[in-house]
Amino acid sequence: MNHPSSDRALQDDVIRALADAPYRASPRWRRRNLADPYRVERYARFLARHFYFERIVQFFKYSRALARITGRPPEAVCKGDAFDLLLPSVVLGSQETAQAVARLVVAHVGAARAPIPYLADLLRYEEAMMLVEAGPRIWRDDTPTEGAPSRARHAPEKVEGTALLELDFDLPAVLPKLLQPWTEVPQAAARPTQLLVARSPHGRVAVARSDAGIAAVVQLADGKRTLEQLAAGAGLPVETLEATLQGLVELGAVRFPTGS
Amino acid sequence: MTNRLMVGAFYNPHLGAELAQAEGIDHLAMADPPGATDPWWPAIRERYTLLLHDYLGQLSEPLDERSIGRARALAELYGSPWVAEHFQCLHTADGAYNLNYVFPPLYTEEFLDRFVRNATALKARLDQPLVMENIPGFFDVAASQLPEPLWLRRFFEATGAGFLLDLPHVWLEAHYHDRNPEAWLAEFPLEHVVELHVAGVEEDRDLRGPWIAPAEPSDEMLAFAAHAVSRCPRAKAVTFDAFSPSLTPDVLFRSVERIRGAL
C-alpha cells in the first residue's frame, strides 16, 4: 500500500491498521499519528474477537449443535487466554490467522470425551471450511463479461486454498440432521468419503462430493497442462473432463487464467 | 404520532419458531436472506412487514450490477417499504483487508461526494426509498474535516435519502466523547428520520466500556428513545436492533414490549 494520497487511501490505511496487528505496531503506522493509539488498539482487539466469533459460529455450526453433548461450544475459544495470545499477530481474514484460530477450536472441541465417532472428521471438515474462506476477495465486479478469453487457449489451474478431504465417515449425510431437533446424536455411516471444499472469488464457500477422477483433475490442474494432458493424467475422456472442469469452475475450485 | 409507529425487531432465524407465532411485533428487519432450509421463513414472510437491512455494499464505491440486482431481488422478496444501508467503509478498495463490522468513513468532502454520488445512483435503481444508518466511531481520525451531524445533513439534503437513526450509536459516541446524549442528538438532521434503532449496551472487555450487545435496552436508553421519537416527525418505525445467535427469545420479546411501552 503506497503512502495515502487521497481520503480513500487514507481510510484504507486506517482499515489496515485495525485489521493487521503487526502493521499497527509498526513505526510506519505510528508515525502517521492519525488516531489515539490506545483507542485504536482497544477497538482492533474488539474487532478481532468479533471477526473470529462470527466465523467460528458459521463454520463450526455443527460442532455448536453438538455442544450439549460435548460440553464444548466452539466459540468459547474467543474468550480464552490462548486467543488473547494470538492478538498481537492477528491479521483479519488471513490464512495464517484462520489456521491459528481454527487450531484452537479443534483442540478445544476435540478434547471432549463424547461418544461421537465422527467428531474428528467433523472438526477436520469445519476447519477446512474456515481455512478455505480466508484470503482476499473480490468485493465489486469490475470484470467485463464480454470478451472473456477462450478457455481452449488457456490451461486450467487449481484455485489457491482449494482443499480435498479424505474422511472415514459419510458426513454430508449427517450434517443436515445435526441442525434439526434431535434427542439422540445423529450417527454417520462409516464409509470412506472424499469432499472438495472451494471458495468463489466473492468469498462463497462450497462443498461437493469428490471421487478419484475429480481429485486427479484438481491435483493436476497447474495452469500448464493442456486439456488433453489433464484428461490423460486423470484417466478421463476429454468430453468428461470438460464437464468436470465446468463443475469445478462453478464451485470455485479451478479457474482459467485470463492470460492477460 | 406515536400511534402510527411500527415497533419491531430483527429476524433471528434461531428464534424462528417463537417469532412465527409472536404477538405485538409489527415488523422484522432482515439482516440476512432467508436460509434455504429455514422451516419458519414462509410463516414469517406471511405474517410480518419485512424491512431489507442486509449488507448491500459500501457506498464509498459504486455498487456493481450484481449487488444492485441482489438488492432489488431482496427488496421485492420482502415487499420492503424501504431499503437500508449504512454509512460505512469497512474494507479496503483492493479487497485485501476487511473488518467485517460496520466502520464509518472519514467525514471529509471527498467521502461526502463519493457517498452522495453512489447513493444517488443506487436510489435511481431501487423501487423503494433508500434509508441510511449512522455508524459510531470509537476513536476520531485526525483527517476528518466535518462534524458527523453536519456531514450527514449535507448527505441527506443532497440525496433525498431517509435517515435510519441508530440511537445507541449516538449514545455511545456521546459517552466516549463525554457529551450529553440529548445535546449530541440535537445536532443530527432528525427531520429526515424514517426509522430508529434501539438496543441494549453492555460492558465490553476489549473496549473497557459499553458497546452494543444483544441485551435489553436500559431505562436510560428507553427514555432516550422516547425523547428522540418526539423529535423525529417523519419516523415510521422503531426497531429493536439485536441480531445474534446468542439472543434469547425472552430478551427479544421483552425489549420490544418495553420499547412500545416507552413510546
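Residues numbered from 1 in each chain as written. Chains lettered and ligands numbered in written order. Predicted model: local features only at pLDDT ≥ 70, side-chain atom pairs only at ≥ 80, totals over all residues.

Undergrad: What is the right way to read the overall build of chain B from this model?
TA: Scanning chain B for helices and strands turns up 9 helices and 10 strands. At 18 Å, chain B has a C-alpha radius of gyration in line with the 18 Å of a compact globule built from 263 residues. The principal-axis extent of the C-alpha atoms belonging to chain B is close to 50 × 45 × 40 Å. Per-residue burial over chain B gives 44% buried out of 263 residues. A sequence separation of at least 24 residues applies to 71% of the contacts in chain B between residues at least 6 apart. (Helix = DSSP H or I, 4+ residues; strand = E, 2+ residues; numbered from the N terminus. Rg over C-alpha atoms; globule rule 2.2 N^0.38 Å. Buried ≥ 20, exposed ≤ 12 C-beta atoms within 10 Å, placed from the backbone. Contact = placed C-beta atoms within 7 Å.)

Undergrad: Help me understand helix H11 (residues 212-220) of chain A in this model?
TA: Because each turn of an α-helix spans 3.6 residues, side chains separated by three or four positions end up pointing in the same direction. All names here are of chain A. Within the sequence span of H11, burial applies to Ile214, Val217 and Val218. For H11, the arc enclosing every buried residue in end-on projection is 95 degrees, short of the 170-degree limit, so these residues lie on one face. Check the buried side of H11 and you find it contacts strand E1 (157-158), strand E2 (163-169), strand E3 (190-199), helix H12 (227-234), helix H13 (238-251) and strand E5 (254-255). (Arc of directions from axis to C-beta.)

Undergrad: Is there a simple way to explain the domain arrangement of chain A in this structure?
TA: Where interface size is quoted, it is often the accessible area lost as the parts come together. Residue and element names in this part refer to chain A. Partitioning chain A into domains gives domain 1 (10-136) and domain 2 (148-260). Centre-to-centre, using C-alpha coordinates, domain 1 lies 26 Å away from domain 2. In this assembly, 16 residues from domain 1 lie in contact with 18 residues from domain 2. No other element matches helix H9 (residues 119-133), which puts 9 residues into the side of domain 1 that touches domain 2. Partitioned by chemical class, the residues of the side of domain 1 that touches domain 2 number 12 nonpolar, 1 polar and 3 charged. (Domains from an automatic or database assignment. Nonpolar A, V, L, I, M, F, W, Y, C, P; charged D, E, K, R; others polar.)

Undergrad: Just to check I follow, could you spell out the environment of A:Val91 for this structure?
TA: Residues and elements named next belong to chain A. With respect to the secondary-structure elements, Val91 resides in the loop between helix H7 (81-86) and helix H8 (95-110). When the C-alpha atoms of Val91 and Ile138 are compared, they prove to be 18 Å apart, with 47 residues separating the residues in sequence. Other than its neighbours up to four places away in sequence, Val91 contacts Ala19, Asp20, Ala21, Glu96 and Thr97.

Undergrad: What am I meant to see in the interface of chain B and chain A here?
TA: Of the residues lining the interface, 33 residues belong to chain B; the matching set on chain A comes to 35 residues. Contributing elements (two or more residues each) for the side of chain B that touches chain A: helix H3 (65-78) and helix H4 (109-125) of chain B. When its residues are assigned to classes, the side of chain B that touches chain A shows 17 nonpolar, 7 polar and 9 charged.

Undergrad: Mind showing me how you'd approach the packing of helix H6 (residues 167-176) of chain B against helix H8 (residues 219-229) of chain B here?
TA: Two numbers describe a pair of packed helices, the interaxial angle and the distance between the axes. Residues and elements named next belong to chain B. One can describe the packing of H6 onto H8 by two numbers: an axis separation of 10 Å at closest approach and a directional angle of 110 degrees. As judged from the angle between their axes, H6 and H8 are roughly perpendicular. With respect to the hand of their crossing, H6 and H8 are arranged in right-handed fashion. Where H6 approaches H8, its residues Leu167, Pro168 and Trp171 are matched on the opposing element by Met221, Phe224, Ala225 and Ala228. A breakdown of the residues in the contact of H6 with H8 according to their chemical character gives 7 nonpolar, no polar and no charged. (Axes fitted to C-alpha atoms, helices over the stretch in contact; angles between N-to-C directions. Parallel < 35°, antiparallel > 145°, perpendicular 65-115°, else oblique. Left-handed = near helix turned anticlockwise from the far one by under 90°.)

Undergrad: Would you mind going over the pairing of strand E8 (residues 200-204) of chain B with me for this structure?
TA: Regular strands place side chains that alternate from one sheet face to the opposite one. All names here are of chain B. Bridge analysis of E8 against strand E9 (residues 209-213) gives 5 bridges, and the strand direction is antiparallel. Across the sheet, Glu203 pairs through a bridge with Pro210, a residue of E9. Following E8, the chain reverses through 4 residues before pairing antiparallel with E9; Arg208 in that reversal takes a positive phi of roughly 55 degrees. (Pairing = 2+ DSSP bridges.)

Undergrad: Looking at this model, I keep getting lost on the confidence of the model for chain B. Mind explaining?
TA: Of the residues in chain B, 99% reach a pLDDT of 70 or more, and the chain-wide mean stands at 96. Interface confidence for the predicted complex, given as ipTM, is 0.93, next to a pTM of 0.90. (pLDDT = per-residue confidence, 0-100.)

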